[in-house]
Amino acid sequence: MMAALRTPRGLATALILLVLAILPLLTQAFDQRYLLSIGTRIVIWSIAAVSLNMILGYGGLVSFGHAVFFGIGGYAVGILSAHGVSSGWIQWPVALLAATAWAILIGALSLRTRGLYFIMITLAFAQLVYYVGGGLEAYGGDDGLNISRSRFPGVIDLRDKANFYWLCFALLCATLWFCSRYANSRFGLVIRGAKSNELRMTALGFPVFRYRLAAFTISGAFGGLAGILLANEGAYVSPAMMSWMKSGDLIVIVVLGGMGTLFGPLYGTIAFFVLEEALPPLLNLAHKGWGEYWMIVFGPLLVLIALYARGGIDSLLGRRHE
Amino acid sequence: MSERAVTEPLLRTELLVKRYGGLLATDNVSIDVRPGEIHALIGPNGAGKTTLVHQLTGVVAPDSGAIHFAGRDVTRLPTHARVRLGLGRSFQITSVLREFTALENVALAVQGHAGHSFRFLADARRDESLRGPARHLLDEVGLGDRAGTLAASLSHGEQRQLEIAMALAGDPRLLLLDEPMAGMGAEESQRLIAFLRALKQKRAMLLIEHDMDAVFQLADRITVLVYGRAIASGTPDEIRANADVRQAYLGEEAA
């Protein structure tokens, strides 16, 4: 543990986790409440990115529809809330079950395909849900649905922003912990082996499809958890939270941070949000009005990472000793 | 002869047929492998060896005919189920997990035979029940001192050895070796031949090989495949003497 702190990666990760752990205290001390809201979203998106990394990074399965789990988790909470069920004890398990069930269904169908077909079919299923969400007139259609935060009476009051943040952070830590075990477990090695050489793994006696389906399901469940939190964060659900652009953002985040690394999705999410927030004002400083075109800088930056830092930000923090 | 006849074959195919359009890739092939023997399958390029291997391993299904392995009809069984019954294989084109070390490759092969892998929390990279047998297998094929090397960094010959170590995990009853000597130097080949000969005591092998030296040194029986058909089957001496084989296959080099 102490030895890990002596590497740049260990030090950077420890610092990030430390800052995240006390973020509500910092934002209060410096009176920057707005930053806590960004911090909350970073933490929630990190959970989603870690969950995508479980199949994309470790499994080599490019799912282009991961934001659908934002939608499923979010809408499960939203719809229950609209019907007066405000207890988190009911909302959250139902939302997790819905995300899990949906993951099993689309996994069972899409994992029979490979490569580009897999990308397209996961995208297609996500778009399907996106349009269904837009068609739910009773729940706001395209405009979405205002909800109130889930209630856990007597345990935690999520209307308190710091409380809600700490819950999200605790869940991120739990997700990271699980992923660290997952990656080096027998199951994780099967998933990583199948990424490296599927035919070989089959010839070694592994029914690869079943393992991938399980991985896809686990990934979807954690994605659903992120959806629950995202709905609570904004007290709002809408089809936009599961648009294909969000799915694309999640892939960019995982690639940017470092695929198949434990903390890569966390670095990627922070970098993504910081650039998204910081680039427009910086460009406006250089020339008024340029801020609007921040994507022109952001895009080439991603290309550079893809070309010169194949392992993403994680690889810039030094070599791995595994 | 009589002793052989009473031994139940480990692997037996019955009139296997596989067509690709108008091409008869496998034409009523019936072969068997008995316990403790090396049965070599030879034939010129395009003779249908690969198609036959694919059917034996479950990559493609035959159009008709049956495959029996270890006393069971496995004709419709998926690959992983056949592996579980004791069918180990190496690949014609080297197929290892390049991003994994030699030891991890074999440890995964051991894991493949150690029950299901729906275990999410324990660290498999420190699991001695996987690594112990894996180290032993690496020693057996002579790769003991390369355990920590990435498979991608091993020489071609070493990767072939690694393949065999992986095929040996789980103690298969039959080893299906698809051109194990391909791309090996003479010295490496000789070492592998000696290794396979010693191994024969413990398990049967179906050997697909182009290297005729290796085939005639190792095989107890040889089947010659030409245009999808088994034109001859017998001991190395019988095959050498067979006029059809000399004409169809050994022609250029043996005549």
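Residues numbered from 1 in each chain as written. Chains lettered and ligands numbered in written order. Predicted model: local features only at pLDDT ≥ 70, side-chain atom pairs only at ≥ 80, totals over all residues.

As for helix H2 (residues 49–57) of chain B
Given 3.6 residues per helical turn, the α-helix brings residues three or four places apart onto the same face.
Part 1 of the reasoning: Considered for burial, the residues of H2 of chain B that qualify are Lys49, Thr51, Leu52, Val53, Gln55 and Leu56 of chain B.
Part 2 of the reasoning: Looking at the residues trailing H2 of chain B, positive phi occurs at glycine 58 of chain B, about 90°. (Buried ≥ 20, exposed ≤ 12 C-beta atoms within 10 Å, placed from the backbone. Helix = DSSP H or I, 4+ residues; strand = E, 2+ residues; numbered from the N terminus.)

Some points on the environment of arginine 192 of chain A
Residues and elements named next belong to chain A.
Part 1 of the reasoning: Mapped onto the elements, arginine 192 comes out in helix H8 (residues 186–196).
Part 2 of the reasoning: Using a count of 22 C-beta atoms within 10 Å as the deciding quantity, one classes arginine 192 as buried.
Part 3 of the reasoning: With 132 residues separating them in the primary sequence, arginine 192 and glycine 60 have C-alpha atoms 7.8 Å apart.

A short note on helix H12 (residues 264–286) of chain A
All names here are of chain A.
Part 1 of the reasoning: Taking 1.5 Å as the rise per residue, H12 with 23 residues should run 33 Å; its terminal C-alpha atoms sit 31 Å apart, in good agreement.
Part 2 of the reasoning: Listed in full, the buried residues belonging to H12 are Gly264, Pro265, Leu266, Tyr267, Gly268, Thr269, Ile270 and Phe272.
Part 3 of the reasoning: On its buried face, H12 sits against helix H1 (8–21), helix H3 (33–56), helix H11 (244–257) and helix H14 (312–316). (Expected span 1.5 Å × (residues − 1). Contact = placed C-beta atoms within 7 Å.)

A closer look at the pairing of strand S7 (residues 87–90) of chain B
Residue and element names in this part refer to chain B.
Part 1 of the reasoning: Judged by which residues are buried, S7 turns out to be covered on both faces: Leu87 and Arg89 on one side and Gly88 and Ser90 on the other are all buried.
Part 2 of the reasoning: Where S7 meets strand S8 (residues 174–178), four bridges bridge the pair, whose relative direction is parallel. Opposite arginine 89, over in S8, you have leucine 176 as the bridge partner. (Pairing = 2+ DSSP bridges.)

Things to note about the packing of H3 of chain A against H11 of chain A
All names here are of chain A.
Part 1 of the reasoning: As a packed pair, H3 and H11 sit with axes 9 Å apart at the nearest point and diverge in direction by 75°. Judged by the angle between their axes, H3 and H11 are roughly perpendicular. Taking contact as the criterion, the partners of Ala48, Ala49, Leu52, Asn53 and Leu56 in H3 are, on H11, Leu250, Ile251, Ile253 and Val254.
Part 2 of the reasoning: Grouping the amino acids of the contact of H3 with H11 by side-chain chemistry returns eight nonpolar, one polar and no charged. (Axes fitted to C-alpha atoms, helices over the stretch in contact; angles between N-to-C directions. Parallel < 35°, antiparallel > 145°, perpendicular 65-115°, else oblique. Nonpolar A, V, L, I, M, F, W, Y, C, P; charged D, E, K, R; others polar.)

Focus: the interface of chain B and chain A
Part 1 of the reasoning: The interface is formed by 27 residues belonging to chain B together with 21 residues belonging to chain A.
Part 2 of the reasoning: At four residues, helix H3 (residues 79–85) of chain B tops the list of elements feeding residues into the side of chain B that touches chain A.
Part 3 of the reasoning: In terms of residue class, the side of chain B that touches chain A is built from 12 nonpolar, eight polar and seven charged.

Observations concerning the environment of serine 37 of chain A
Residues and elements named next belong to chain A.
Part 1 of the reasoning: Relative to the helices and strands, serine 37 resides in helix H3.
Part 2 of the reasoning: Judged by C-beta crowding, with 15 C-beta atoms within 10 Å, serine 37 ranks as partly exposed.
Part 3 of the reasoning: Considering only alpha carbons, one finds serine 37 and alanine 101, 64 residues apart in sequence, at a separation of 30 Å.

Things to note about the sheet that holds strand S11 (residues 229–234) of chain B
Residue and element names in this part refer to chain B.
Part 1 of the reasoning: Ordered by their spatial adjacency, six strands build an open sheet running S7-S8-S9-S4-S10-S11, and the pairing between neighbours is mixed. Only two strands of the sheet have a single partner each, and these edge strands are S7 and S11. Sheet twist, expressed as the average angle between the axes of neighbouring strands with direction ignored, equals 15°.
Part 2 of the reasoning: Against the sheet, H2 makes contact with strand S4 (38–42), S7, S8, strand S9 (204–208) and strand S10 (221–226), and its axis sits at roughly 150° relative to S8, the strand it touches most.

A few points about unusual backbone geometry
Part 1 of the reasoning: Positive phi is not limited to glycine here, since aspartate 31 of chain A has a value of about 55°.
Part 2 of the reasoning: For aspartate 31 of chain A, the location among the structural elements is in the loop between helix H2 (23–29) and H3.
Part 3 of the reasoning: Unusually for a residue other than glycine, tyrosine 227 of chain B sits at a positive phi of about 50°.
Part 4 of the reasoning: Relative to the helices and strands, tyrosine 227 of chain B resides in the loop between S10 and S11.
Part 5 of the reasoning: Accessibility expressed as a C-beta count within 10 Å gives 15 for tyrosine 227 of chain B, which makes it partly exposed.

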